[in-house]
Amino acid sequence: MIDVNLIERNLPLFFEGLKVTLLLSALAFACALLVGLVLVLARLAKVRLLPAAAAAFVELMRNTPVLVQMYFIFFGSAVMGWPLTGFTAGLIALAAQNGAYLCEIYRAGIGSVSRRQAEAGLALGMLQRQAFFIVVLPQALRKVIPPIANQGVMLIKDTALVSTLSVMELMYQARLIADRTAAVYEVFFTLALFYLAITSAFTLAMRVLEWRLRVAE
Amino acid sequence: MSIDPPAAGARPAIEIDGLSKWFGQHVVLDRVTTRIASGEAVVVIGPSGSGKTTLLRCINLLEEFQEGEIRINGAPIGYAVGPDGQRRRKPEREVAAMRAQLGMVFQSFNLFPHMSVLRNVCVAPIKIQGARRDEAEARAVELLDRVGLKDKVDAFPARLSGGQQQRVAIARALAMRPKAMLFDEATSALDPELVGEVLAVMHQLALDGMTMVVVTHEMQFAREVADRVVFMAEGRILEEGPPEALFEAPKSDRLQAFLKRTRAGYLP
Amino acid sequence: MDVLINNGWLLLRGASLTLWMSAASIGIAATLGLAFALVQVFAAWPLRALVEVYLFVMRGVPLLVLLFGMYYALPYAGMDIDPATGGILVISLYFAAFMSEVFRGAILAVPRVQWDAGRALGMHGSALMTNVVLPQAVRTAGPPFINTCIMIVKGTSLVSIIGLWDLTQIGRQIVERTLAPFSVFGGVALIYFFICFALSLVGRHLERRFGYVH
């Protein structure tokens, strides 16, 4: 019943899509990690308004669908006369939304590092900033690798949404193939396998990272 | 050895004048005044809640205090009085530079768990004093050798016993070439059989002429090592003097009762 | 702003479909999730393995892929199912995996000694669960449960891609006519925000009310 030949013939197209999906995932994940860090620094800053502004941004991002954010950026940029590609619009929305989630993950991690650790740094003569970056943050990041990995998986899966902005990633290619060949089962089965492979490989890589950076306890 | 000898006959290394601290109604430190000379080992004893740990933490400004002055080598720490007569906390950089001159050893060790033993000892000299990496590492190895842990340079703190961790913590503090060392109940969190190895390191440090303020429950250590013992209760210094005088002829009722209880084997 | 007022009725219709699909999906996903969690904790290994495989697939495949699978494959299989019902079904099955994680974590977070204390009193099986374990688990499950509910509300926006007239789809249609993406999608986002933020306020309230001080 399953036409293996058909899948095989269309594999090059799947791989074309895979490349775009991987590129978008990697870029968006890197940006989200950075956005999350900037947001958490803003949330913890002792400057007036900055923590509140960061918190508001985080709430806004976490409580609206990433798909609507993508449309907002994509169609919005077009009307502004600065049309962004679907790829770029998707990248921005994914980085913003996942950055907001990562901000909260980092914050929980930082909160879980004992106050005494920062004190030990201060007692050695570190500035607050040094104690944070040398002592607290590295420990916090190690502790939150598992939730970061979960968030990364969500991000990878959400890259499928940019297919609605005509970005030719995995999902988009699969739909084209399905429309052309009408081999619905084969195409969606293969597509699901591709995503399972990406997310599993990513999860595995994060496990290895966690194991290598583990704070022996 | 690599510890800078204190200049003989210099003015007191640490001067505490009328130090008071309170939380609302609750007075934690009440006009504490004392002098700690260069090279002197001072042991602070007293029941829990007497303010001895808070006193130690005030000396390197991990705690704020409301009144009085602390001077390190003559320079007042922490606060400056502005032209308007208002007392203000000094800028962070000055506070940090002052802290770098004082080594602190905590009850809970507080080693950095994500760094190797070697890195724990040399990270501060490298990041704060701008020491060259190879020099800082060589010195770290030397200090670890001194506390008997040369073979543990590449281990991570979690792999060490409490006694070993605390000895690393001492080496870490010494790496900054402090002018004085503060010990905050350094052996209280240790299993009884590990206390000795840490006290031995502290004893050697005192023999080498390090200026030390030691808060401890180890009366035997106070007797043997202290140049002077300070007895605190309810935020005040009630009695101070050479160990023989305090332990053999306590004047105040509080100290007599305290010593009786510790001798009877109860934790003070 | 005028765009939003002029199309208020349409937006309201979209919002009502979004709310209805969210509520139905939350109900089904939570029920399934609890069942999966109980299987994971208590059932014999073949059943447990089956659920594990199911969870692995749901966590690794995008919701959009599953929705399209349903949209394309069901008619093919000769099944005539209304897309809204199909959407609710797929969303429920997908988020049941996350719900199961929430409940499993909460059940396992109940300290071992509590189970032992219950057993020492002679309880076992469902009596132990309903009297000792679940009442405590419910408290820890509160905040992550609300988070998953918010994810479900946001997740329903994907049904716009398979042609359902939910809030997101209505927004797209209005933008096609009016060419005012900022105000329309801004307004749409705001409606989602109110729904989700209301949920997170409920979550915060629950956390304060039932949260243990650790």
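Owing to the predicted nature of the structure, the values given are computational and were not obtained by experimental measurement. (Residues numbered from 1 in each chain as written. Chains lettered and ligands numbered in written order. Predicted model: local features only at pLDDT ≥ 70, side-chain atom pairs only at ≥ 80, totals over all residues. Heavy atoms only, no water.)

Here we look at the overall build of chain B
Scanning chain B from terminus to terminus reveals 9 helices and 12 strands. Taking the principal axes of the C-alpha coordinates as reference, chain B spans close to 55 × 50 × 40 Å. The 268 residues of chain B split such that 55% are buried. In the form shown here, chain B has an accessible surface area of approximately 11800 Å², with 50% of it arising from carbon and sulfur atoms. For chain B, the separation between the mean place of its 34 positive charges and that of its 34 negative charges on side chains is 4 Å. (Helix = DSSP H or I, 4+ residues; strand = E, 2+ residues; numbered from the N terminus. Buried < 20%, exposed > 50% of the residue type's maximum accessible area, 1.4 Å probe, protein only. Areas by Shrake-Rupley, 256 points an atom, 1.4 Å probe, with all protein chains shown as cover. Lys, Arg positive; Asp, Glu negative; His and termini not counted. Charge placed at Lys NZ, Arg CZ, Asp CG, Glu CD.)

Some points on the sheet that holds strand β1 (residues 14-23) of chain B
Residues and elements named next belong to chain B. Reading across from one edge, β2-β1-β4-β5 is the order of the 4 strands in this open sheet, with antiparallel pairing throughout. Taken across any chain shown, the strands that pair with only one partner, and hence form the sheet edges, are β2 (26-36) and β5 (75-76). Both strand β4 (residues 67-72) and β5 contribute to a ladder of 2 bridges, which runs antiparallel. Considered in β5, the bridge of R71 is made with P76. Across the sheet, helix α1 (residues 52-59) is in contact with β1, β2 and β4; its angle to β1 comes to roughly 115°. (Pairing = 2+ DSSP bridges. Contact = heavy atoms within 4.5 Å. Axes fitted to C-alpha atoms, helices over the stretch in contact; angles between N-to-C directions.)

Section: the pattern of salt bridges
A side chain with one charge can pair with a side chain of the opposite charge if their charged atoms come near. All names here are of chain B. Within the structure shown, the criterion is met by 31 salt bridges over all chains. In this structure, E64 and R89 form a salt bridge, with 2.2 Å as the shortest nitrogen-oxygen distance. On the criterion of sequence distance, the pair formed by E64 in the loop between α1 and β4 and R89 in strand β7 (residues 87-89) is long-range, its members being 25 residues apart. The class of E64 is partly exposed, set by a relative accessible area of 39%. As a salt-bridge pair, E197 and R167 come within 2.9 Å of each other at their nearest N and O atoms. Taken together, the residues span a long stretch of sequence, with E197 in helix α6 (residues 192-207) and R167 in helix α5 (residues 162-174) at a distance of 30 residues. Judged by relative accessible area, which is 12%, R167 ranks as buried. Each of E15, D17, R35, E69 and R71 takes part in salt bridges that share partners, so that together they form one network. (Salt bridge = Lys/Arg side-chain N within 4 Å of Asp/Glu carboxyl O.)

Looking at the packing of helix α4 (residues 86-112) of chain A against helix α7 (residues 145-158) of chain A
Residues and elements named next belong to chain A. Running from N to C, α4 and α7 point in directions that differ by 165°, and their axes come no closer than 10 Å. Relative to α7, α4 is oriented roughly antiparallel. Remark: the crossing between α4 and α7 carries right-handed chirality. On the side of α4, the interface is formed by L94, N98, Y101, L102, I105 and Y106, while α7 contributes P147, I148, Q151, L155 and D158. Taken together, the residues of the contact of α4 with α7 sort by class into 8 nonpolar, 2 polar and 1 charged. (Parallel < 35°, antiparallel > 145°, perpendicular 65-115°, else oblique. Left-handed = near helix turned anticlockwise from the far one by under 90°. Nonpolar A, V, L, I, M, F, W, Y, C, P; charged D, E, K, R; others polar.)

A short note on unusual backbone geometry
Residues and elements named next belong to chain B. Of note in the backbone geometry, R31 takes a positive phi value of approximately 45° without being a glycine. Note that R31 resides in strand β2. On the accessibility criterion, R31 (60% relative accessible area) is exposed. The backbone of E234 sits at a positive phi, close to 50°, despite the residue not being glycine. Relative to the helices and strands, E234 resides in the loop between β11 (228-233) and β12 (236-241).

Regarding the pairing of strand β3 (residues 41-45) of chain B
Working note: regular strand, side chains alternate between the two faces of the sheet. Residues and elements named next belong to chain B. Of all 5 residues that make up β3, 5 are buried, and the element is covered over most of its length. Here 4 bridges tie β3 to strand β10 (residues 211-215), and the two strands are oriented parallel to one another. Considered in β10, the bridge of V42 is made with V213.

Structural notes on the interface of chain A and chain B
Across the boundary between the two partners, chain A contributes 22 residues, which contact 27 residues of chain B. Taking both sides of the interface into account, the surface hidden between chain A and chain B amounts to around 2100 Å²; carbon and sulfur atoms contribute 64%. Our count for the chain A to chain B interface comes out at 1 salt bridge. The residue R57(B) makes a salt bridge to E119(A) at a minimum N-O spacing of 2.6 Å. (Buried area = accessible area lost by both parts, 1.4 Å probe.)

Thoughts on the packing of aromatic side chains
Tallied over the full model, the rule gives 21 aromatic pairs over all chains. Measuring from ring centre to ring centre gives 6.2 Å for F193(C) and F194(C), while their planes differ by 70°; the resulting arrangement is edge-to-face. The class for F194(C) is exposed, based on a relative accessible area of 56%. An aromatic cluster of three or more residues is present, and its members are Y71(A), F74(A), F75(A) and F185(C). (Phe/Tyr/Trp six-rings, centres within 6.5 Å; stacked < 30°, edge-to-face > 60°.)

Remarks on the interface of chain A and chain C
Contacts between the two partners involve 39 residues from chain A and, on the opposite side, 39 residues from chain C. The largest contributions to the chain A side of the interface with chain C come from N63(A), F72(A) and K157(A), which together make up 18% of the buried area. Between chain A and chain C we count 1 salt bridge in total. Residue E59(A) pairs with R204(C) through a salt bridge whose shortest N-O separation is 3.2 Å. For the pair chain A and chain C, the interface holds 9 residue pairs in polar contact (both at pLDDT 80 or more). Of the residues forming the side of chain A that touches chain C, the biggest block, 9 residues, is contributed by helix α9 (residues 184-213) of chain A. Residue composition of the side of chain A that touches chain C, by class: 25 nonpolar, 9 polar and 5 charged. (Polar contact = N/O pair within 3.5 Å; in protein donor to acceptor, adjacent residues only side chain to side chain.)

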